[in-house]
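# Examining the three-dimensional arrangement
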Amino acid sequence: MTPATAPGTPGAPDVLALFDRSVRAHPDAPAVVTPRRVFTYEAVDRLTDTWAASLAGRGAGPGLLVGLAFPDPARTVLGMVAALKAGAGFTVLDDRLPALARAALVARTEAAVWLGDGEHAPDGAYVPAGPDAPRPAAVRHRPDDPAYVLFTSGSTGEPKGTVVERDALARFAAGVAERLELSSGDRWLQVASLGFDVVIEEVFPTLAAGAAVVCRADTRALDAEELHTTMARTRTTVVELSTQYWLEYARWLTAAGLTTPPELRTVVVGGERMDPAPYRAWQARQPAALAHVYGLTECTVSSTFYTGRLPDGAEEVPLGTPLRDVEITVREDGRPVPDGEAGEIHIGGPLLARGFLGDEAATSRRFVPDPWAPVPGARVYVTGDLGRIDADGHLVFLGRVDDQVKIRGHRLEPARVERALCENPEVDQAVVFPDPETGTALWAFTVPADPARAPLPGAAVRPAAAEREALVTPLERSLPQWAVPRVHYRVAVLPKNPHGKIDKRLLAAWAAGAEGATPASRAEPPPDGSSPTPRDGPLATVLETFREVLGAPGLGPDDDFFAHGGQSLLAMRLLARLRDSFPAAQGLRASALFASPTPRLVAAALDERETART
């Protein structure tokens, strides 16, 4: 695979040189903060020396990968630094992936060594132990050696492993630290999934600036109240949230009558299109500033930042201007267009990834030679996103060229999920798209292979529990949780619009008409089409809250939250509403819904907690 070309500023320091500079300048300052311990820069330096020596002794080195499979974010951060010190790159195995997907990623990365102690760690993974060791001898790594490999969703049915080189990582870390004006007094709260590229943005700019990475005890998602409490307790100054996560936090702050913690100065938000209304509302009320970002894993996380106040007349929140060493152009048929005109966003410069691991064909399709670059041999990444450059020089997002979507910050080719659904012999056709209301959960519409099982034309029917389970279970074995459709409908045909495309608006309208319909596993509803509602007591309140959050007026007391479109962000919203009605819901984590996913079970759990309180 050809290394990235077209370097920017000559002689850019290696990412470890940035870390070493922080160690020398702030040896006693916090570098990694955990709920139980604060690691100073000097302590992190010594510990990662020991780990790096152990890794080198087991064969890790330039051009190879070290796998990380910790359930502990802090150890993951330490493992990243140690791998780079050994001259190797790293990859992170997300503990939330299904077992089959984890096994596939382990096989594809061919890591020389695995560090880890989680249940998801592959055989042979270990945690270095023993007394402090001297720093390993200097490793002759090159700027184009791999720094890390992280995986994105692919349209071919396999996630794509993106190979980012050391020079790109170093330039990125320095660029973000500069743009966000990070200093040694900052504390960046790590909240992203450890297998998601945002973790790179949380860690390396922070260490380059001599600031502290604040780590949680585990990888479980924080709901809005927990996020707020954690930031206040740890004196967090910077946090990065997906667009939908940020919206949930903003709603919670408004409902609670609170503002952001006093130390929090910047909330970085990105991953999906941003509506101007909540952006303006935040800027009018919250003291913490917003930084709206745009980027792709293939271009080393974030490429552009918008940090200004949104003008009153703006119809879109801009994506901002590029980091140094990032080149943004808008092109039509490969040619740059004048500012103000729409076209496909192209990203160039030395922050481009090397390409996709073991996939030269996909690499050559998306990383193409750039005849318009001033540097011979430069490449440009074709994003598939539409945009324009506005009068102020800011990049503005206009949509997607293809059908790729984003679900809670993760990019997904729906075709990958649709193909998986069609592997079921009972399914003839399938289409998958985000729910039109929130865009945070996937809906699946399937046409049965047996025409006798199809509903009437123009109707959408919710499958019974057994049928839905037969569709979902195979997907859960091979896809990330966020990529599994949680709401399913059976239809007679996938309608087309005048352009020959599947008419998703019409399907959504059919789905709206199906909300009063009842799967076979549910009790017969009253004549108005809704499920029976308890007349009084906690269950009535819990059920009504479920219905409001899920937008499902026909939901019954024994219906599963996740089977009706529920996911982590909606779980946060549900628990926030329940806390308003039940003192016993205080302190209840959104993850409790996995054990009690129906209104009846939640009501019983709240009753038990109330009894324990008295």
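Before going into details, it helps to say that this report is about the structure given with it. Residue positions are counted from 1 within each chain, in the order its sequence is given. For this predicted model, a pLDDT threshold of at least 70 governs which residues receive local features, and a threshold of 80 or more governs which side-chain atom pairs are given and counted, while totals over whole chains, interfaces and linings are taken from all residues. As a rule here, side-chain values come from all non-hydrogen atoms in the structure, and water together with hydrogens is ignored.

## Brief notes about the overall build of the protein chain
Going by this rule: Here a strand is any run of E in DSSP of at least two residues, a helix any run of H or I of at least four, and the numbering for each starts at the N terminus. Atoms counted for the radius of gyration: C-alpha only. Globule rule: 2.2 Å times the number of residues to the power 0.38. For this analysis, residues touch if any pair of their heavy atoms sits within 4.5 Å. Using a 1.4 Å probe, the Shrake-Rupley method yields the accessible areas, and only the shown protein chains count as cover for residues. The charge count treats Lys and Arg as positive and Asp and Glu as negative. His and the chain ends do not count. Just so you know, the charge point we use is NZ for Lys, CZ for Arg, CG for Asp and CD for Glu.
From N to C terminus, the protein chain includes 16 helices and 27 strands. Computed over the C-alpha atoms, the radius of gyration of the protein chain is 25 Å, within 12% of the 25 Å expected from 2.2 N^0.38 for a compact globule of 614 residues. C-alpha extents for the protein chain along the principal axes are approximately 75 × 65 × 55 Å. Intrachain contacts of the protein chain at a sequence separation of at least 6 include 67% that bridge at least 24 residues. Carbon together with sulfur atoms contributes 53% to the accessible area of the protein chain, which is approximately 25300 Å² in total. Positive and negative side-chain charges in the protein chain, numbering 63 and 78 respectively, have mean positions lying 2 Å apart.

## Brief notes about the sheet that holds strand 6 (residues 146–152)
Two modes of strand pairing occur in sheets, parallel and antiparallel, and in both the strands are linked by backbone hydrogen bonds. As a reminder of what qualifies: At least two bridges found by DSSP between two strands is the condition for calling them paired. Helix axes are fitted only over the stretch in contact, all axes being lines through C-alpha atoms; the angle between N-to-C directions runs from 0 to 180 degrees.
On the basis of which strands lie adjacent, the open sheet formed by six strands has the order 5-3-4-6-7-18 and mixed pairing. Two strands bound the open sheet, and with one partner strand each, they are strand 5 (113–116) and strand 18 (355–356). Sheet topology note: the strand 3 (residues 65–69)/strand 4 (residues 89–92) ladder contains four bridges and is parallel. Bridged to Gly67 within strand 4 is Thr91. The sheet strands contacting helix 4 (residues 99–109) are strand 3, strand 4, strand 5, strand 6 and strand 7 (160–165), and the helix crosses strand 6 at an angle near 150°.

## Here we look at the pairing of strand 5
Using the following cut-off: Here's how the labels work: a residue is buried when its accessible area is under 20% of the maximum for its type, exposed when over 50%, partly exposed in between, all with a 1.4 Å probe on protein chains only.
Residues Val113 and Leu115 point to one face of strand 5 and Trp114 and Gly116 to the other, with burial holding for every one of them. Relative to strand 5, strand 3 runs parallel, the two being bridged by four bridges. Following the sheet pairing, Leu68 is matched in strand 5 by Leu115.

## Points about the environment of Val213
Relative to the helices and strands, Val213 resides in strand 9 (residues 212–214). Among the residues examined, Val213 registers a relative accessible area of 0% and is labelled buried. Val213 sits 24 residues away from Leu189 along the chain, and the two C-alpha atoms are 6.1 Å apart. Those residues in contact with Val213 that lie beyond four places of it in its chain are Ala31, Val32, Val33, Val77, Trp188, Gln190, Glu202, Val203, Thr206 and Leu207.

## Some points on unusual backbone geometry
With a phi angle near 50°, Glu110 is a residue other than glycine that sits in the positive phi range. Its location among the elements puts Glu110 in the loop between helix 4 and strand 5. Even without being glycine, Val301 reaches a positive phi, approximately 65°. With respect to the helices, strands and loops of the structure, Val301 is situated in strand 13 (residues 301–306).

## Here we look at the environment of Leu398
Examined against the element boundaries, Leu398 turns out to sit in strand 21 (residues 395–400). Here Leu398 falls in the partly exposed class, since its relative accessible area comes to 41%. Each C-alpha atom, one on Leu398 and one on Ile200, is 26 Å from the other, the two residues being 198 residues apart in sequence. Residues contacting Leu398, with those up to four places away along its chain left out, are Ala342, Leu386, Gly387 and Arg388.

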